Amino acid sequence: IYTPSVDTGDFVVVVNAEQAVLTGKKLDQKYYRTHSGYAGGLKETQYRRLMQEKPELAIRIAVRGMLQKNSIAKWQLRRLKIFRGAEHIHQAQQPVAWDR
């Protein structure tokens, strides 16, 4: 029942974020860039290092890039729960595994 202009209220739980795979040479050639706003304030982190230290952030950045660029994307991103390993705190909601 997906509609781009409506937030349906469903949560998405991503487990095993540390096992995500980037194809090709993306681990070495792709960078996550942030800027503080000051001169010389550019910080670059290689995706290989980002996947080792914060795989949750790498998944969140990828999903944010796929969402529509509108005000509802912020609310949809809040409903994304990402966990590094197989353990997560949402067992009580009985999440359903999605296999391709």
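Given the structure is predicted, the values throughout are model-derived calculations rather than measurements.

Let's talk about helix α3 (residues 55-66)
Structurally, the α-helix is built with 3.6 residues per turn, so residues lying three or four positions apart point the same way. Relative to the 16 Å expected for 12 residues at 1.5 Å per residue, α3 spans 17 Å between its end C-alpha atoms, a close match to the ideal helical length. Three or more residues of α3 are buried, namely Pro-55, Ala-58, Ile-59 and Ile-61. Seen along its axis, α3 keeps its buried residues to an arc of 160 degrees; they face one direction. Each element contacted by the buried residues of α3 is listed here: β2 (31-35), α2 (47-53) and β4 (80-82).

Side note on the packing of aromatic side chains
A complete count under the given rule lists 0 aromatic pairs for this structure. A cation over a ring is seen here: Lys-30 above Tyr-47, with NZ or CZ 5.6 Å from the ring centre.

Looking at unusual backbone geometry
Although it is not a glycine, Asn-16 adopts a positive phi angle of roughly 60 degrees. When you line up the elements, Asn-16 lands in the loop between β1 (12-14) and α1 (26-29). Assessed through its relative accessible area of 26%, Asn-16 is described here as partly exposed.

Overview of the pairing of strand β3 (residues 42-46)
In this structure, β2 lies alongside β3, joined through 5 bridges in antiparallel fashion. Across the sheet, the residue bridging to Tyr-32 is Thr-45, located in β3.

Description of the pattern of salt bridges
Scanning all chains against the criterion turns up 4 salt bridges. Arg-48 is the salt-bridge partner of Asp-28, the closest N and O atoms lying 2.9 Å from each other. Within this pair, whereas Asp-28 is found in helix α1, its partner Arg-48 is found in helix α2, the two being separated by 20 residues in sequence. Residue Asp-28 is classed as partly exposed on the basis of its relative accessible area of 38%. Accessibility expressed as a relative area gives 35% for Arg-48, which makes it partly exposed. The salt bridge partner of Glu-44 is Arg-33, with a shortest N-O separation of 2.9 Å. Of this pair, Glu-44 sits in strand β3 while Arg-33 sits in strand β2, placing them 11 residues apart in sequence.

Definitions and limits used
- Residues numbered from 1 in each chain as written.
- Predicted model: local features only at pLDDT ≥ 70, side-chain atom pairs only at ≥ 80, totals over all residues.
- Heavy atoms only, no water.
- Helix = DSSP H or I, 4+ residues; strand = E, 2+ residues; numbered from the N terminus.
- Expected span 1.5 Å × (residues − 1).
- Buried < 20%, exposed > 50% of the residue type's maximum accessible area, 1.4 Å probe, protein only.
- Arc of directions from axis to C-beta.
- Contact = heavy atoms within 4.5 Å.
- Phe/Tyr/Trp six-rings, centres within 6.5 Å; stacked < 30°, edge-to-face > 60°.
- Lys NZ or Arg CZ within 6 Å of the ring centre and 35° of its normal.
- Pairing = 2+ DSSP bridges.
- Salt bridge = Lys/Arg side-chain N within 4 Å of Asp/Glu carboxyl O.

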